[in-house]
Amino acid sequence: MAPLVLICTATEGFRHDSIETAEEVLAAMAGRTGLFQVRFARTEAEMIAALSPDGLREVSVVMFVHTTGEVATPRRAGLLQWVADGGAFIGVHSASDTWHESDQYLEMLGGEFATHPAETTVSVQIDDPAHLSTAGLTAPYTIFEEIYLFGRFSRDRVNMLMSLRAHPETGAPGFFPLAWHKRHGSGRVLYTALGHRNETWHTPWFQQHLAGAIEWALGRETRSRRRAVGR
């Protein structure tokens, strides 16, 4: 049986219009590739049940996709320990706008959403073209998106995957992180800030990025020949 990826989309605060699209894309990706199966936790009650000790025993990867606020906080400590003990966690977009009250969660994730300018067109650079989540991606890649700016981020504590080299609002030169991976204890953590817009989820480029992220989180160090995304 294919490994199970738990996708949490519950919110307490802002709720993205692209959540339904994200769920559809990830479910289709699982069916198309056969590399994993998905289970969704769409409400706080479902998230609390799914992140229980019994629930996590069935799961290979936990994904927070557009979660916001202090949702399902009774399960926070257990999830962090599960990752530290060797689990895998992927955060997408507003996963960094979740559990602001927890220093431990934000340390695990690697950064905290601070603000964002208006949606704009940016040029995405690939910092690690050898990683499964970025291998084979066109770069620089032009995309119209909502771009997060982060607090509690240190480039020295993560392994960079994607970034901008110009401020998304002013165009001033600089380094602005978009995606990275890191360790948390014995576990694997990957975060990508993209995915705000429905159109982003429909692009083969972003789908390939996420498919590679999931394969990496599952411990596959090379790309599966069965993987087919963006079709």
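Residues numbered from 1 in each chain as written. Predicted model: local features only at pLDDT ≥ 70, side-chain atom pairs only at ≥ 80, totals over all residues. Heavy atoms only, no water.

> If you had to explain the overall build of the protein chain to someone new, which residues and values would you point to?
Regarding its fold elements, the protein chain presents seven helices and 11 strands. Taken over the C-alpha trace, the protein chain has a radius of gyration of 16 Å; the compact-globule value for 231 residues is 17 Å, and the two agree within 12%. Across its three principal axes, the protein chain shows a C-alpha extent of roughly 50 × 40 × 35 Å. Counting every atom, the protein chain has about 9600 Å² of accessible surface; 47% of that belongs to carbon and sulfur. (Helix = DSSP H or I, 4+ residues; strand = E, 2+ residues; numbered from the N terminus. Rg over C-alpha atoms; globule rule 2.2 N^0.38 Å. Areas by Shrake-Rupley, 256 points an atom, 1.4 Å probe, with all protein chains shown as cover.)

> Residue-level account of the pattern of salt bridges, with values.
Applying the stated rule across the entire model yields nine salt bridges. A salt bridge links E112 to R152; its shortest N-O distance comes to 2.9 Å. In this pair, E112 sits in strand β5 (residues 112-115) while R152 sits in the loop between β8 (149-151) and β9 (159-166), placing the two residues 40 residues apart along the sequence. Assessed through its relative accessible area of 41%, R152 is described here as partly exposed. Among the ionic contacts, a cluster of salt bridges with common partners joins D103, E112 and R152. (Salt bridge = Lys/Arg side-chain N within 4 Å of Asp/Glu carboxyl O. Buried < 20%, exposed > 50% of the residue type's maximum accessible area, 1.4 Å probe, protein only.)

> Give me the lowdown on the nonpolar core, citing residues and values where you can.
Of all hydrophobic cores here, the largest spans 76 residues; its most connected members are M47, V62, M63, F64, F89, Y105 and M162. With eight residues, helix α7 (residues 204-217) is the single largest residue contributor to this core. When near neighbours in sequence (up to four residues on either side) are disregarded, F89 contacts V62, F64, L79, V83, Y105, M108, L109, R188, V189 and L190. (Core = buried A, V, L, I, M, F, W, Y, C linked by side-chain atoms within 4.5 Å. Contact = heavy atoms within 4.5 Å.)

> Could you give me a rundown of the packing of helix α1 (residues 19-33) against α7, with the residues and numbers involved?
Where α1 meets α7, the axes come as close as 11 Å, and the angle between the chain directions of the two elements is 65°. Handedness of the crossing formed by α1 with α7: right-handed. For the pair formed by α1 and α7, the contact residues are V25, L26, M29 and R32 on the first element and Q207, L210, A211 and I214 on the second. For the contact of α1 with α7, a count of residues per class yields six nonpolar, one polar and one charged. (Axes fitted to C-alpha atoms, helices over the stretch in contact; angles between N-to-C directions. Left-handed = near helix turned anticlockwise from the far one by under 90°. Nonpolar A, V, L, I, M, F, W, Y, C, P; charged D, E, K, R; others polar.)

> So what's going on with the pairing of β9? Which residues, and what values?
Where strand β6 (residues 120-126) lies against β9, two bridges are found, and the strand directions are antiparallel. Looking across to β9, one finds that I126 is bridged to M162. One ladder, built from six bridges, connects β9 with strand β10 (residues 173-184); its direction is antiparallel. In the sheet register, A166 faces β10, and the bridge partner there is P173. Connecting the antiparallel pair β9 and β10 is a turn made up of six residues, with G171 showing a positive phi of about 80°. (Pairing = 2+ DSSP bridges.)

> I'd like to hear about the sheet that holds β6, residue by residue, with values.
In space, the nine strands of this open sheet follow the order β2-β1-β3-β4-β11-β10-β9-β6-β7, with mixed pairing throughout. Single-partner strands in this sheet number two, and they are β2 (37-41) and β7 (141-145). Neighbour-to-neighbour, the strand axes of the sheet open up by a mean angle of 25°, direction not taken into account. Strand contacts of α1: β1 (4-8), β2 and β3 (61-65), with the helix running at about 155° to β2, the strand carrying the most contacts. Taken strand by strand, α7 contacts β1, β3, β4 (88-92), β6, β7, β9, β10 and β11 (187-192), and its axis lies near 170° from that of β11.

> So what's going on with the packing of aromatic side chains? Residues and values would help.
Counted according to the given criterion, the structure contains 13 aromatic pairs. Ring centres of F64 and W99 lie 5.3 Å apart, and the angle between their planes is 75°; this geometry places the pair in the edge-to-face category. Of this pair, F64 sits in strand β3 while W99 is found in the loop between β4 and α5 (103-109), placing the two residues 35 residues apart along the sequence. Comparing F64 with W99 shows no difference in burial state: the two are buried. When the ring of W201 is compared with that of F206, the centres are 5.0 Å apart and the planes differ by 90°; the resulting orientation is edge-to-face. Each of the two residues, W201 as well as F206, counts as buried. (Phe/Tyr/Trp six-rings, centres within 6.5 Å; stacked < 30°, edge-to-face > 60°.)

> Residue-level account of α1, with values.
Relative to the 21 Å expected for 15 residues at 1.5 Å per residue, α1 spans 21 Å between its end C-alpha atoms, a close match to the ideal helical length. Every buried residue of α1 is listed here: I19, T21, A22, E23, V25, L26, M29, A30 and T33. Buried residues along α1 sit against β1, β2, β3, α6 (198-201) and α7. (Expected span 1.5 Å × (residues − 1).)

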